[in-house]
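Inside the fold
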Amino acid sequence: MYWLYVIKNHTLWVDNAEFPADALQANEVGVCSKCEGTLTSVSYHPFFDRTMVVARCNKCESLYIEYYDSEWNWLEEIVLSQLQNTGLAAKTIVRNFKELEEISMEKLRAVFTKSEVDAIYSKAMEEERPVRQYLYRARKKYDRFEELFNIRLEF
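Residues numbered from 1 in each chain as written. Predicted model: local features only at pLDDT ≥ 70, side-chain atom pairs only at ≥ 80, totals over all residues. Heavy atoms only, no water.

**Let's talk about the packing of aromatic side chains**
To describe a pair of aromatic rings, one takes the distance between the centres and the angle between the planes. Counted according to the given criterion, the structure contains 9 aromatic pairs. Plain terms: the ring middles of Phe 19 and Phe 48 are 5.9 Å apart, the flat faces sit at 70° to each other, and that makes the pair edge-to-face. Placement of the pair is Phe 19 in strand S3 (residues 17-20) and Phe 48 in the loop between strand S5 (38-47) and strand S6 (50-57), with a sequence separation of 29 residues. A relative accessible area of 13% places Phe 19 in the buried class. (Phe/Tyr/Trp six-rings, centres within 6.5 Å; stacked < 30°, edge-to-face > 60°. Helix = DSSP H or I, 4+ residues; strand = E, 2+ residues; numbered from the N terminus. Buried < 20%, exposed > 50% of the residue type's maximum accessible area, 1.4 Å probe, protein only.)

**Remarks on the pairing of strand S4 (residues 28-31)**
As paired strands, S4 and S5 are joined by 3 bridges and run antiparallel to one another. Each bridged residue has a counterpart across the sheet, and for Val 31 the counterpart in S5 is Thr 38. Between the antiparallel neighbours S4 and S5 lie 6 residues, among them Glu 36 with a positive phi of about 65°. (Pairing = 2+ DSSP bridges.)

**Observations regarding the environment of Leu 153**
Tracing the backbone shows Leu 153 in strand S10 (residues 151-153). Assessed through its relative accessible area of 6%, Leu 153 is described here as buried. Taking the C-alpha atoms as reference points, Leu 153 and Asn 96, separated by 57 residues in sequence, lie 9.1 Å from one another. Discounting chain neighbours no more than four positions away, the residues touching Leu 153 are Val 94, Leu 100, Ile 103, Phe 112, Ile 120, Tyr 142 and Phe 145. (Contact = heavy atoms within 4.5 Å.)

**Concerning the confidence of the model for the protein**
For the protein, per-residue confidence averages 85 on the pLDDT scale, and 92% of positions sit at 70 or higher. Here strand S8 (residues 74-82) stands out as the element of the protein with the lowest mean pLDDT, 76, in contrast to helix H4 (residues 132-140), whose mean of 95 is the highest. Every residue in residues 82-90 scores below 50 in pLDDT, and together they form 18 contacts with partners more than four places removed in sequence or on other chains. (pLDDT = per-residue confidence, 0-100.)

**Some remarks on a positive patch on the surface**
Taken together, the side chains of Lys 123, Arg 129, Arg 132 and Arg 139 present a region of like positive charge at the surface. Structurally, Arg 132 can be placed in helix H4. (Patch = residues over 30% accessible without salt bridge, like charges linked within 9 Å, V, L, I, M, F, W, Y side chains within 5 Å. Areas by Shrake-Rupley, 256 points an atom, 1.4 Å probe, with all protein chains shown as cover. Salt bridge = Lys/Arg side-chain N within 4 Å of Asp/Glu carboxyl O. Lys, Arg positive; Asp, Glu negative; His and termini not counted. Charge placed at Lys NZ, Arg CZ, Asp CG, Glu CD.)

Structure, rendered in structure tokens:
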């Protein structure tokens, strides 16, 4: 199962399903299994008949999902990621041109050639068709880009 939390909009992704937060509250919810710091809730997400609570360690800033049943019995803890110093979640999903513009050209050019970057922009703008071979080559490098910059491109 693939877990992803986007702090920017407090959205929890499980595989390809989106679970937006229904509450943003800061409550003490446990102890960090890495450093024994206090876990404080960030957001609450309904998950079918259960609840997922995204929590952050106040000491090492690790992110966790605390999984509860419908009666608030703790079921499981899932380690999400280590926060970066920027305060962003470990991964950001980019799906449109506006979000793509926020990525610096320096980051894009670290992984993609100029032609591949042009193809990515063309695909994101949806105004013109990208050169297929460049977009194909770029998509083969998406995993590497995500690995380096924790940004997932979905074009």
